[in-house]
Amino acid sequence: MSTRDYIEKDYYAALGVAKDASAAEIKKAYRKLARDLHPDKNPGDSAAEQRFKEISEAHSVLSDTTRRKEYDEARSLFGSGSGRRMSGAGEPGGTQFDFGDLFGNIFSGGGTRGRSAPRRGADLETEVTLDFTEAVTGVTVPLRLSAPGPCANCGGSGSRPGTQPRMCPRCFGQGMVNHNQGAFSFSEPCRECRGSGAIIDNPCPECRGLGQSTSTRTINVRIPAGVEDGQRIRLAGKGVPGERGGHFGDLLVTVHVKAHPHFGRKGDNLTLTVPITFPEAALGTNVTVPTLNGPVTVKIAPGTASGRTMRVKGKGVHRKDGTVGDLLVTVEVAVPAKLSKEAREALETYAKSAPGDPRRHLQQVVGDSA
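The rules behind the values
Residues numbered from 1 in each chain as written. Predicted model: local features only at pLDDT ≥ 70, side-chain atom pairs only at ≥ 80, totals over all residues. Heavy atoms only, no water. Helix = DSSP H or I, 4+ residues; strand = E, 2+ residues; numbered from the N terminus. Buried < 20%, exposed > 50% of the residue type's maximum accessible area, 1.4 Å probe, protein only. Areas by Shrake-Rupley, 256 points an atom, 1.4 Å probe, with all protein chains shown as cover. Expected span 1.5 Å × (residues − 1). Polar contact = N/O pair within 3.5 Å; in protein donor to acceptor, adjacent residues only side chain to side chain. Arc of directions from axis to C-beta. Pairing = 2+ DSSP bridges. Axes fitted to C-alpha atoms, helices over the stretch in contact; angles between N-to-C directions. Salt bridge = Lys/Arg side-chain N within 4 Å of Asp/Glu carboxyl O. Core = buried A, V, L, I, M, F, W, Y, C linked by side-chain atoms within 4.5 Å. Contact = heavy atoms within 4.5 Å. Phe/Tyr/Trp six-rings, centres within 6.5 Å; stacked < 30°, edge-to-face > 60°. Patch = residues over 30% accessible without salt bridge, like charges linked within 9 Å, V, L, I, M, F, W, Y side chains within 5 Å.

What follows covers the overall build of the protein. Each helix and strand in the protein was counted, giving ten helices and 15 strands. For the protein, buried positions account for 35% of its 370 residues. Accessible surface, the protein as shown: approximately 21,900 Å² in total, 51% of it carbon and sulfur.

This is the structure in structure tokens:
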């Protein structure tokens, strides 16, 4: 990022947030504007496209803690003129101070790296919605991303193809010029090149000399098995290209998982409720139940109570270490809403011969509270 960006561009105003806005507020404002201004939503609207570039650039700076701090410090120093209020040599306690060191650190990220040091690209954020089965087993999905990057027409130079920027003759490519006023020595952005260090005589017609443009690309992303609803996945090197040969930023994907009509999830285990009849619960039986990769048979022991859970090994969620969770099958005795005459008579006969009172242990409690 050039000195000009720090001085002239108000990224907070671009996103419509206060200068003390939290990271969450900045993210929320950017997402709302990005939805409204996205090129796909405004085809052929150059004004909306330019605004989309502005908010993307603003978000790339303000969402990065280090870059935001540098930006705030630079604007505060240049805006307040704080350097000119330093004591000069010859005054009580005065010392000579080279402001080039101070500003150089801000714009380069450190005095030893210099203005040409590589800078890591910003992170991108997107969302994806998966089916329940895809989240459990893993899936590769295409993601369409729009983000600022080097202009494809000029390769990021800002100059018309076939031409090159020339070194600024005033600052010799440094972007800063030094001034000595008696005991004071301070630096300020070069007015000739506006802090960029280069003069572009023939601007690129695509990016108008900015060297950046917003492009749309589609990438195939592998979502690992076992991802949960709301989980955020970081994909290294899939974000915005770095500056001056710096590393790409990362892509942060928030995953949403659709509910399944039958299965639920409990950690790395899947859950399933299976209805059985009273005779099956009392006498025992074998029932066939579905899994995500084919049916299995579950044995119901005689006298199984409603609500009992049985475990089917290896039919759950795939883990990172290659193991698989289990399927937890909970049986639920189904009570018929209507009975035929024969069924009612059979139940009445059973009731008369049923062993014991299942509520006997509560009778004393009922008697004490009566």
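Read on, since the account is not over.
Our next topic: helix 4 (residues 46-62). Between its first and last C-alpha atoms helix 4 spans 24 Å; for 17 residues at 1.5 Å apiece the expected length is 24 Å, and the two agree. Ala48, Phe52, Lys53, Ile55, Ser56, Glu57, Ala58, His59, Ser60, Val61 and Leu62 are the residues of helix 4 that are buried. The opening residue of helix 4, the one whose side-chain oxygen lies 3.1 Å from the backbone nitrogen of Ala47, is Asp45.

The subject of this paragraph is helix 3 (residues 23-37). Here helix 3 is 15 residues long and its end C-alpha atoms lie 21 Å apart, about the 21 Å a rise of 1.5 Å per residue gives. Regarding helix 3, the residues found buried are Ile26, Ala29, Tyr30, Leu33, Ala34 and Leu37. For helix 3, the angular spread of buried residues about the axis comes to 130°, placing them on one side. Residues of helix 3 that are exposed and point more than 90 degrees away from the buried face comprise Ala24, Lys28 and Arg35.

Moving on to the sheet that holds strand 1 (residues 124-130). The strand order across the open sheet formed by three strands is 1-9-8, and the pairing between neighbours is mixed. Strands with a single pairing partner mark the edges of an open sheet, and in this sheet they are strand 1 and strand 8 (232-235). Within this sheet the neighbouring strands show an average axis-to-axis angle of 25°, counted without direction.

Let us now look at the pattern of salt bridges. Counted by the stated rule, this structure contains 17 salt bridges. The closest approach of N and O atoms between Arg120 and Asp250, which form a salt bridge, is 3.2 Å. Here Arg120 is found in the loop between helix 6 (99-108) and strand 1, whereas its partner Asp250 is found in the loop between strand 8 and strand 9 (251-257), with 130 residues between them in sequence. Residue class for Arg120 comes out partly exposed when judged on its relative accessible area of 35%. We note a salt bridge from Arg166 to Asp201, for which the minimum N-O separation is 2.7 Å. A residue pair is termed long-range when its members are at least 10 positions apart, and Arg166 in strand 3 (residues 166-167) and Asp201 in the loop between strand 6 (198-199) and strand 7 (212-223) qualify at 35 residues.

Turning our attention to the sheet that holds strand 11 (residues 269-276). Ordered by their spatial adjacency, four strands build an open sheet running 10-11-15-14, and the pairing between neighbours is mixed. One side of each edge strand has no neighbouring strand; the edge strands of this open sheet are strand 10 (264-266) and strand 14 (309-312). For this sheet, the mean inter-axis angle between neighbouring strands, taken without regard to orientation, is 35°. Judged from the seven bridges that link them, strand 11 and strand 15 (residues 327-333) form a sheet pairing that is parallel. In the sheet register, Leu272 faces strand 15, and the bridge partner there is Val329.

One non-glycine residue, Arg208, adopts positive backbone phi at about 55°. Structurally, Arg208 can be placed in the loop between strand 6 and strand 7. Judged by relative accessible area, which is 53%, Arg208 ranks as exposed.

Moving on: the nonpolar core. Leu130, Leu143, Ile223 and Leu251 are the most contacted members of the largest nonpolar core, which has 20 residues in total. Secondary structure elements with two or more residues in this core: strand 1, strand 2 (139-150), strand 7, strand 8 and strand 9. It is strand 2 that contributes the most residues to this core, five residues altogether. Excluding residues within four positions of it along the chain, Leu251 makes contact with Leu124, Glu125, Thr126, Leu143, Leu145, Ile219, Val221, Ile233, Arg234, Leu235, Lys238 and Gly239.

The next point concerns the packing of aromatic side chains. By the definition in use, this model includes three aromatic pairs. When the centroid spacing of 4.9 Å and the interplanar angle of 40° are considered together, the rings of Tyr11 and Tyr71 count as tilted. You can see Tyr11 sitting in helix 2 (residues 11-15) and its partner Tyr71 sitting in helix 5 (residues 65-80), a full 60 residues away along the chain. Seen from their ring centres, Tyr12 and Tyr71 are 6.1 Å apart, and the 40° between their planes marks the pair as tilted. Note that Tyr12 is positioned in helix 2 and Tyr71 in helix 5, a separation of 59 residues in sequence. For the pair formed by Tyr12 and Tyr71, the shared burial category is buried. Members of the aromatic cluster, each reached through a chain of ring pairs, are Tyr11, Tyr12 and Tyr71.

Here we take up a nonpolar patch on the surface. A contiguous nonpolar surface patch, about 360 Å² in accessible area, is contributed by Phe278, Leu339, Leu347 and Tyr350. In this fold, Phe278 is placed in helix 8 (residues 278-283).

Moving on to the environment of Ala122. By the secondary structure assignment, Ala122 is in the loop between helix 6 and strand 1. Taking the C-alpha atoms as reference, Ala122 lies 6.5 Å from Gly239; in sequence the two are 117 residues apart. The residues contacting Ala122, other than those within four sequence positions of it, are Ser60, Arg67, Gly239, Val240, Gly249 and Asp250.

Everything listed is a geometric property; what it means functionally is a separate question.
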